[in-house]
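Coordinate inspection notes
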Amino acid sequence: MLTLVAPPPPLSAPGQPDGAAAVLRAALTRGPLARSAISKVTGLSPAAVSRHAADLLAMGLVYEPDTPDGPPRPGRPRIPLDVDTSRHVAAGVHIAIPQLTYSLTDLRGRVVAMEQAPRRERPEQVLADIAEQLPRFLARRGRGRSVLGFGAVTGGWVDPEAGVLVENAALGWSDVPLRDRLQRATRLPIHVESHARALARAELLFGVAAEHGELVHLFVGNVVDAAIAAGGTLLRGRQGGAGGIAHLPVPGSTVRCPCGRTGCLQVTVSDRALGDAARAAGVAADLAGLVRAAAAGDARALELCRGRLRAVAHAVGLLVDMISPETLVLTEAVTMYLPELLGELRAELAAGAAARVHASSFGPHALAVAAGAPVLAAVHHDPLALRTARTAG
Ligand SMILES: [Zn+2]
């Protein structure tokens, strides 16, 4: 049953979520950090830092770690603050072709728990499975931590504002109202996001783009899409459509695309295409087998992997030329397990562009991190909003 309780009076003035977010961000990127240092970093007055710190402490988002001088004592101005990773978690599910990946991540984006389940075909079946599997996952792995919200992340065109998966051709899904359906089933705040943007959010908060906020994230899986961030803010585009690069032409490719053309990026370089090529060449039964064979030094497997990276390099070059980001992060299976092959891709690019290309900060945890990232992004963007949401929920 839902009980509505009047919210406690805020310690900070209403309409100032930016200050609390700035304090939390300073603790996230540089903590443990004394309040005086936070004041310097954020430009907030010492009084404002104290007020926001009190709010964040009360909410369990930051804590006062023991210092080498001994345990913290109230009233001492030099007691540092750090992000509290012990009390809250973000829950999430990543929906991919072969499986659902459930995860719990702490406030630093570190994976606390991860479990996978096979994915059934139709959206209704998958939503029913999530409604059934999530409570058990939380009961098994939550360890009494409070759940900040639930992220629902998948590849392709996703509208986070409406909470709708607009189109994921690889899944064969379109116009699925993920947020509405999951909100009813889970009673948690639901944050829907595309895989490419969810991982870009994680790179902005916890990864290579945390300092400068300028990023292009390119995801190559069964879906191929991009996310673009400037000044720490992600470009969404109309109905969340920004970054749809599935049909960029790849020179030399003759693969037919369902869109009617030939040589589109997604059909040329997707996981499915690479797995099919490995099977056709008799090198491996699937993508995982191909990567294993390449890791063992099989020349034909390595050449198939390199061929993919050369095709991806063309798209990387276009994105770097057009957007000129500080960093381009590539999340892709071959370089995830064989990072040395990133050199194959860099060799196709001009030197200036090559130096800005990095592999994902999250390696094999990318799916689990992506699932929780939209929840963590919302909390770090406006931590005080949680208090209102909890009191109302
Ligand atoms: Zn196409």
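Within each chain, residue numbers correspond to sequence positions counted from 1 in written order. Predicted model: local features are reported for residues with pLDDT of at least 70 only, side-chain atom pairs are reported and counted for 80 or more only, and whole-chain, interface and lining totals are derived from all residues. Side-chain measures were taken over the full set of non-hydrogen atoms in the model, leaving aside hydrogen atoms and water.

Overview of the pattern of salt bridges
- A pairing counts as a salt bridge when a side-chain nitrogen of Lys or Arg comes within 4 Å of a carboxyl oxygen of Asp or Glu. Scanning the model with the defined rule gives 17 salt bridges in all.
- The salt bridge partner of Glu64 is Arg35, with a shortest N-O separation of 2.8 Å. Of the two residues, Glu64 is situated in the loop between β2 (62–63) and β3 (80–83) and Arg35 in helix α2 (residues 35–42); the sequence distance between them amounts to 29 residues.
- Think of it in three bands: residues with accessible area under 20% of the maximum for their type are buried, residues over 50% are exposed, and the middle band is partly exposed, with areas taken using a 1.4 Å probe on protein chains only. Under the relative-accessibility criterion, Glu64 is labelled partly exposed at 28%.
- Relative accessible area serves as the criterion here: at 16%, Arg35 is assigned to the buried category. Numbering of helices and strands starts at the N terminus; helices are DSSP runs of H or I of at least 4 residues and strands are runs of E of at least 2.

Considering unusual backbone geometry
- Here the amide bond leading from Gly31 into Pro32 is cis, since omega sits at 0°, within 30 degrees of zero.
- When you line up the elements, Pro32 lands in the loop between α1 (17–30) and β1 (33–34).
- For Arg187, which is not glycine, the phi dihedral falls at a positive 60°.
- Checked against the element boundaries, Arg187 lands in the loop between α5 (178–186) and β11 (190–194).
- On the accessibility criterion, Arg187 (71% relative accessible area) is exposed.
- Although it is not a glycine, Ser324 adopts a positive phi angle of roughly 50°.
- Mapped onto the secondary structure, Ser324 falls in the loop between α10 (299–323) and β15 (327–332).
- The class of Ser324 is partly exposed, set by a relative accessible area of 48%.

Here we look at helix α8 (residues 271–280)
- Looking at α8, one finds that the buried residues are Asp271, Leu274, Gly275 and Ala278. Take α8 and look down its axis: the buried residues cluster within an arc of 100°, on one side only.
- Only heavy atoms enter the contact rule, under which two residues are in contact if any of them lie within 4.5 Å. Structurally, α8 contributes buried residues whose contacts are with β12 (215–220), α7 (265–269), α9 (287–295), α10 and α11 (333–337).
- Looking one or two residues past α8, Gly282 carries a phi angle of roughly 70°, positive in sign. Here, the arc refers to the directions that run from the helix axis to the C-beta atoms.

A word on the domain arrangement of the protein
- For the domains described, the bounds stem from an automatic or database domain assignment. As far as domains go, the protein holds domain 1 (17–68), domain 2 (88–200 + 367–392) and domain 3 (211–360).
- Each of domain 1 and domain 2 has a C-alpha centre, and these two points are 28 Å apart.
- Taken residue by residue, the interface counts 12 residues in domain 1 and 11 residues in domain 2.
- Throughout, buried area stands for the accessible area (probe radius 1.4 Å) lost by two parts on being put together, summed over both. Note on domain 1 versus domain 2: buried area summed over both sides is about 1,100 Å², and carbon and sulfur give 67% of it.
- Taken as a group, Leu28, Met59 and Leu61 account for 48% of the area that domain 1 buries against domain 2, more than any other trio of residues on that side.
- Viewed at the interface, domain 2 and domain 1 are joined by zero salt bridges.
- Identification of polar contacts relies on pairs of N or O atoms within 3.5 Å, with a donor-acceptor requirement for protein atoms, meaning one able to donate a hydrogen and the other able to accept it, and with residues adjacent in sequence counted only if both atoms are side-chain atoms. Here domain 1 is connected to domain 2 by three residue pairs in polar contact (both at pLDDT 80 or more).
- Taken together, the elements giving at least two residues each to the side of domain 1 that touches domain 2 come down to α1 and α3 (46–58).
- Looking at the side of domain 1 that touches domain 2, the element that brings in the most residues is α1, giving six residues.
- Under the grouping applied here, Gly and all other residues not named as nonpolar or charged are polar, the nonpolar ones being Ala, Val, Leu, Ile, Met, Phe, Trp, Tyr, Cys and Pro and the charged ones Asp, Glu, Lys and Arg. When grouped by side-chain class, the residues that make up the side of domain 1 that touches domain 2 number nine nonpolar, two polar and one charged.

Quick look at the packing of aromatic side chains
- Aromatic contacts are taken between Phe, Tyr and Trp rings whose centres are within 6.5 Å, Trp giving its six-membered ring; a plane angle under 30 degrees counts as stacked, one over 60 as edge-to-face, and the others as tilted. Applying the stated criterion to the full structure yields one aromatic pair.
- Between Tyr102 and Phe137, the ring centres sit 5.7 Å apart and the planes meet at 40°, which makes this aromatic pair tilted. Here the residue Tyr102 occupies a position in strand β5 (residues 99–105), and Phe137 occupies one in helix α4 (residues 123–141), the gap between them amounting to 35 residues. Each member of the pair Tyr102 and Phe137 is classed as buried.

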